[in-house]
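Examination of the molecular architecture
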Amino acid sequence: MAAAESEAEAQQLISRLGKQLKASKTCPNKDSLVKLLKEAVIALGKFKQLKSLNSVIQPLSDSLVKHGMLQHKDKDIRILVATCFCEIIRVLAPDPGFSDDVFRDIFKLLQSIFAETGDYKSPYFSRRVKLLETVAKLNFCVLMLDVGCEDLILKMFKIFFSAVREQHPQSVINAMSSIMARILEDKLEEKDLEPLIFQEKFSEPLLDVILQNLLKESKGGSGGFARLAVSVIQNCNEKLERCICTFLRSCILNRESIGSELKEWYHDILYEIFQSAPQMLVSVIPSLSHELLTDQVDVRIKALNLLRKCFSLPGHKIAEEYHNLFMDFLNRFTDKSAEVRLCALSCGKALYANNPSGTGSSQILTELESRLLDFDDRVRMQAVSIVCDVSRLQIGSVTNELISQVADRLRDKKVSVRKKALQKLLELYQDYCTKCVGDIKMHFEQIPCKILMLCYDKDCKEFRPQSLEYVLAEDLFPVSLSVEERTNHWIFLSSLFTPLHVKALNAILSQKRRLRNALQAYLHLRVNEEEIGSDEMERNTKALFKKMSALFPDPAEAEECFYELNQINDDDIFKMLADLINVGDALSTRDNLLRKIGDQSPLFEFLRLLSSKCLLNIFSSRHVSYILDHLTFDTSVRHTKLDYSPLLLLSAIISAFPSLLRSSEEKFRQLLADKDIPFNEQLIQFLAKEGSNISIRLSDCYNFLERVRLEGTQAEAKLAVSAIAALSDSSEQVIVPNLCKTSCTIKKHSEQCLKSSLTTDANKSANLNLTLSKSADASRIWIEGLQKTSHQEVHSAGTVEVGNESSVDNQHEIHASVISESIMGKERVGSSCDSVATKPALGLNEDFPSCLQERDMNMTYNSNTDKVAKLSTANHKKANLAKENKDKGEASDVEHQQMRASTHYSNDGENSSVHSKRETSGACDSDCEGNSLKKTKFFAEEIPLAENTKKIRRSKVAASKAINVNKDMIAWRTRRQKV
């Protein structure tokens, strides 16, 4: 009842307003008109759709047209008038009774208001949006098709795309797209599949307007036009979908038959539609196989680029949904055109990255692997880059063999491929180190090994040790990786090293050491410049600059920079360089140096590289400490193949920089004291090789080495003596008397060895003979080691100290050229990267004191005569026992045979016995010597050898001759025992 009364009041109000405006001969003023129109809008909103209300509304509508309200310039009035006509059309639909001209004016008014919706900050924005939503809801824009307003429709489409903004709410986008979609649908019903041209005079089709704005986003435009175009396409019906698909298929199969300019951009259109409405293109995507198989290279490339972008879209599974197209795509990896193969590689990367575990991923990896051996270097570079990139997506998803093949490209015949492989493999290894902390994977650890082998690449300066030093220091590990984790990687890497890897690493570390020493010598020259003559200063400086510049990737440029650096008069810069060498791990000093020189200076890059080479940034004392901790406390390494590889790494580090062991001596001593560690032989070999260069005293590890010398194998005994010799200095020569006492003990064992030859226990005799031989070899090595040590001390007496302080590393560089490798029985041969020349080992008779050798001869002769006398007495006793026990049969026969053999040995082999004991008994104490001299008288009565004794004492018999005689004696005894 109330609604009816309200509607009746509204009718009365509309009639009164219509009569009032009709009676007015002129347009009322703005205030009166705005008040009147607001009342009319409220009243019209209460009406329902009734054709009978035409008589009530017509006076008002005629008055609005009469006074030119449709062309009014005021924004308030124009919005109110447009709202009134929208309500009138709603109430009187479907035929409001307006003429075509009035309809055109109404649509023009609406379009002008819609064009102002772009100003989303205007106070009228909400009223304009409400009017737009009303028009979209009522769908009366389709009336423009009935009254021949196709030009206005085209204009309205353009207005919508120009007015839409990214900031507009979705309701605005939905209203605009609803209006355009409805118009397109109605037009398609009238002219099936011909929505592109409405009339001949309007040559620009509506569909072109939508597709052109769809492309603007792909061309880098800004705004909401792409959102609007996508919304229109998503809201279109099946007829519009068929129209779009027909257009795209025509562009793919017969592009020349299309008259629209959009045919040049159909790939972009297809991609934009595929993003928003992929279901529309089910019949279009398979047609791309035609382009993949065409003879035109540019067409194949465009098709592959389209597939690459489609493959990159998440959630889409082209490989599963379009299998035939996917197989045609895989064939493009072997296309005859290199450009096509490059595009195929990019597509493969996009497909694999989108779904690494999806269908076709394994086939993609297979094709990528085949392109690593492509005959075109550009394709190989792209394949290397893509394999590394997809490996970084998910560490471990790529097979070990594929990673190894990528690493093999470091040996490619093209330098460009090697450079790209080095760059991408370093990125991959850094990513692996970051993501797999504590989880070491062997196929990734092969990467640094392959990088080290680049040191042998002579045709590219980027791969020489001068450049690879910076790679190992700055690029191999991520900056955030801790020293402990870096050490773990190095320890595992050392287990994969071959002699070539060790040589390459030694070359890199050696050149860093040589540069540090040469730079320190140069700084010393600058400090003492006043004491040195100008000519000598210039000559020495030139030599040092030439030496240091050879350690840079570009020696000529580096030498020029050294001369420029020499012209600088700022002493602070050279003091900072000295601090870099003395402190070692001085990162803050390096930063201060670069900050002081300034990044605008022409020497900035040179000093950055020089300071990096001066730092101990590949290995530091913390690395050494962690390696020792790993060897001492990690019990897992004691039963694996990593047994001695960390020790090899430790040896390489300490060989180059012995000072790095200074803070870890206690850990090293603990390592020596651990009896459970199975690589004692390697530890002793390390001491024998580097003992003269490390800060460990012989007294700290003498007991361990002495035990090994006595209880270990022959090889371990040799190494122990070499280690003692290497660790000995002038203050610790008190060890010699202990060795002499030990030699006396060995002499007693040798007597037991000779007596045991008369027993039936052949095995015991052989073991004692082996002990005799081992002791002789150990003594020889001890003597040679002492000679080497003494010569090193004499040579090191001429060391020139720099700045009144000579570091351990510098002494090692200058003096440690002779390193014993006693297991091989020969001196170390210098490699191409060694900085000092090796010196041949000294023989026994060259510089050893003659008095010591004469005492050795006397004691050897006396001890051996004593043994022969005892043997003669023992033989007589055994002969008497044999006669008394004739009834014992076979036992007696055996005993007589042993007696005869022993007697033959004591008579015929006495000279051999004398020579065989000279080496083992040369260090007896005074008591042993006295006893031997007493027994010599008895022996001389039975076997006069005075003349021979005098000759032996006058000559200096080499220790090697005694060893050879001893070996002959052992061989003879072995043959006799077999008989």
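Residues numbered from 1 in each chain as written. Predicted model: local features only at pLDDT ≥ 70, side-chain atom pairs only at ≥ 80, totals over all residues. Heavy atoms only, no water.

If you check an unreviewed UniProt entry, the protein chain appears there as Sister chromatid cohesion protein PDS5 homolog B-like isoform X3 from Coffea arabica. On record in UniProt, under Subcellular location (unreviewed entry), the comment for the protein chain is "Nucleus". (UniProt positions renumbered as here; feature names shortened; annotations may be inferred.)

A look at the overall build of the protein chain
Secondary structure assignment for the protein chain yields 47 helices and two strands. A buried classification covers 52% of the 979 residues belonging to the protein chain. The contacts in the protein chain between residues at least 6 apart in sequence include a share of 74% that link residues at least 24 apart. Of the accessible surface of the protein chain, which amounts to about 45900 Å², a share of 50% is contributed by carbon and sulfur atoms. (Helix = DSSP H or I, 4+ residues; strand = E, 2+ residues; numbered from the N terminus. Buried < 20%, exposed > 50% of the residue type's maximum accessible area, 1.4 Å probe, protein only. Contact = heavy atoms within 4.5 Å. Areas by Shrake-Rupley, 256 points an atom, 1.4 Å probe, with all protein chains shown as cover.)

Brief notes about the nonpolar core
Of all hydrophobic cores here, the largest spans 227 residues; its most connected members are F107, L110, L248, F329, W490 and L705. At 12 residues, the largest contribution of residues to this core is made by helix α4 (residues 75-92). Both domains that meet at this core, namely domain 1 (503-614) and domain 2 (638-648 + 658-734), each give it at least three residues. In this structure L110 touches A82, C86, L131, V135 and F140, once residues within four positions along its chain are discounted. Listed in part, the 35 residues of the second largest apolar core include C561, I581, A586 and F606. (Core = buried A, V, L, I, M, F, W, Y, C linked by side-chain atoms within 4.5 Å. Domains from an automatic or database assignment.)

Looking at a positive patch on the surface
A contiguous patch of positive charge, built from K458, K461, R464 and K503, is present on the exposed surface. With respect to the element layout, K458 can be found in the loop between α23 (442-452) and α24 (465-475). (Patch = residues over 30% accessible without salt bridge, like charges linked within 9 Å, V, L, I, M, F, W, Y side chains within 5 Å. Salt bridge = Lys/Arg side-chain N within 4 Å of Asp/Glu carboxyl O. Lys, Arg positive; Asp, Glu negative; His and termini not counted. Charge placed at Lys NZ, Arg CZ, Asp CG, Glu CD.)

Here we look at the pattern of salt bridges
Tallying each qualifying case throughout the model produces 34 salt bridges. Where R590 meets E474, a salt bridge forms, and the shortest distance between an N and an O atom there is 3.7 Å. Remark: E474 occurs in helix α24 and R590 occurs in helix α30 (residues 587-597); sequence separation between them is 116 residues. Taking the relative accessible area as the measure of exposure, E474 reaches 27% and is therefore partly exposed. Overlapping salt bridges bring together K349, D389, R392, K424, E427, D431 and K435 as one network.

Focus on the environment of L228
Note on placement: L228 falls in helix α11 (residues 225-235). L228 sits in the buried class, given a relative accessible area of 0%. The contacts of L228, once residues within four sequence positions are left out, are F160, F161, V164, I173, M176, S177 and M180.

Re the packing of helix α26 (residues 499-527) against helix α31 (residues 604-614)
Two numbers describe a pair of packed helices, the interaxial angle and the distance between the axes. Where α26 contacts α31, the two axes come as close as 9 Å, and the packing angle between them is 110°. If you check the angle between α26 and α31, you find them roughly perpendicular. For the pair α26 and α31, the contacting residues are Q511, K512, L515, R516 and L519 in the first and L610, S612, K613 and C614 in the second. Split into classes, the residues belonging to the contact of α26 with α31 amount to four nonpolar, two polar and three charged. (Axes fitted to C-alpha atoms, helices over the stretch in contact; angles between N-to-C directions. Parallel < 35°, antiparallel > 145°, perpendicular 65-115°, else oblique. Nonpolar A, V, L, I, M, F, W, Y, C, P; charged D, E, K, R; others polar.)

What to know about the state of the cysteines
For the coordinates displayed, the defined rule picks out zero disulfides. The thiol of C86 is not disulfide-bonded; the next cysteine sulfur, from C141, is found 8.4 Å away. (Disulfide = S-S within 2.5 Å.)

Examining the packing of helix α18 (residues 338-354) against helix α20 (residues 377-393)
Axis separation between α18 and α20 bottoms out at 10 Å; the angle between their running directions is 0°. With respect to α20, the element α18 is oriented roughly parallel. Taking contact as the criterion, the partners of A338, E339, R341, L342, L345, S346, K349, Y352 and A353 in α18 are, on α20, R378, V379, Q382, A383, I386, D389, V390 and L393. A per-class count over the contact of α18 with α20 returns 10 nonpolar, two polar and five charged.

Some remarks on the environment of A473
Note that A473 resides in helix α24. The spatial distance from the C-alpha of A473 to the C-alpha of L615 is 9.3 Å, given a sequence separation of 142 residues. What A473 contacts, discounting residues up to four positions off in sequence, is N617 and I618.

What to know about the environment of C243
Tracing the backbone through its elements, the reader meets C243 in helix α12 (residues 238-253). On a C-alpha basis, the gap between C243 and L207 in space is 9.3 Å, while along the polypeptide they are 36 residues apart.

Description of the side chain of E291
Within the element layout of this structure, E291 appears in helix α14 (residues 288-292). Among the polar contacts listed, one links the side chain of E291 to the side chain of Y266, at a separation of 2.2 Å. With sequence-adjacent residues up to four places away left out, E291 is seen in contact with I252, Y266, H267, V299, R300 and A303. (Polar contact = N/O pair within 3.5 Å; in protein donor to acceptor, adjacent residues only side chain to side chain.)

With respect to the packing of aromatic side chains
Taken as a whole and assessed by the stated rule, the structure comprises 19 aromatic pairs. Centroid distance F85 to F98: 5.7 Å. Interplanar angle 65°. Geometry classified as edge-to-face. Of this pair, F85 sits in helix α4 while F98 is found in the loop between α4 and α5 (100-115), placing the two residues 13 residues apart along the sequence. Residue F85 is classed as buried on the basis of its relative accessible area of 0%. Ring centres of F545 and F562 lie 5.4 Å apart, and the angle between their planes is 20°; on these two criteria the pair is classed as stacked. Of the two residues, F545 sits in helix α27 (residues 534-549) while F562 sits in helix α28 (residues 555-566), which places them 17 residues apart along the sequence. (Phe/Tyr/Trp six-rings, centres within 6.5 Å; stacked < 30°, edge-to-face > 60°.)

Let's talk about helix α37 (residues 714-727)
Since one α-helical turn is 3.6 residues long, residues separated by three or four positions face the same way. Its 14 residues place the ends of α37 20 Å apart at the C-alpha level, agreeing with the 20 Å of an ideal helix rising 1.5 Å per residue. Among the 14 residues in α37, 11 count as buried, and that is most of the element. Every buried residue of α37 is listed here: E716, A717, L719, A720, V721, S722, A723, I724, A725, A726 and L727. (Expected span 1.5 Å × (residues − 1).)

Details of the confidence of the model for the protein chain
Per-residue pLDDT for the protein chain averages 74, and the proportion of residues at 70 or more is 69%. Element-level pLDDT for the protein chain is lowest in strand β1 (residues 820-821), with a mean of 30, against a maximum mean of 94 in α20. (pLDDT = per-residue confidence, 0-100.)

Some points on the side chain of D374
Here D374 shows up in the loop between α19 (361-371) and α20. At a separation of 2.3 Å, a polar atom in the side chain of D374 contacts the side chain of R371. A distance of 2.8 Å separates a polar atom in the side chain of D374 from the backbone nitrogen of D376. D374 has contacts with R341, V379 and R380, leaving out every residue within four places of it along the chain.

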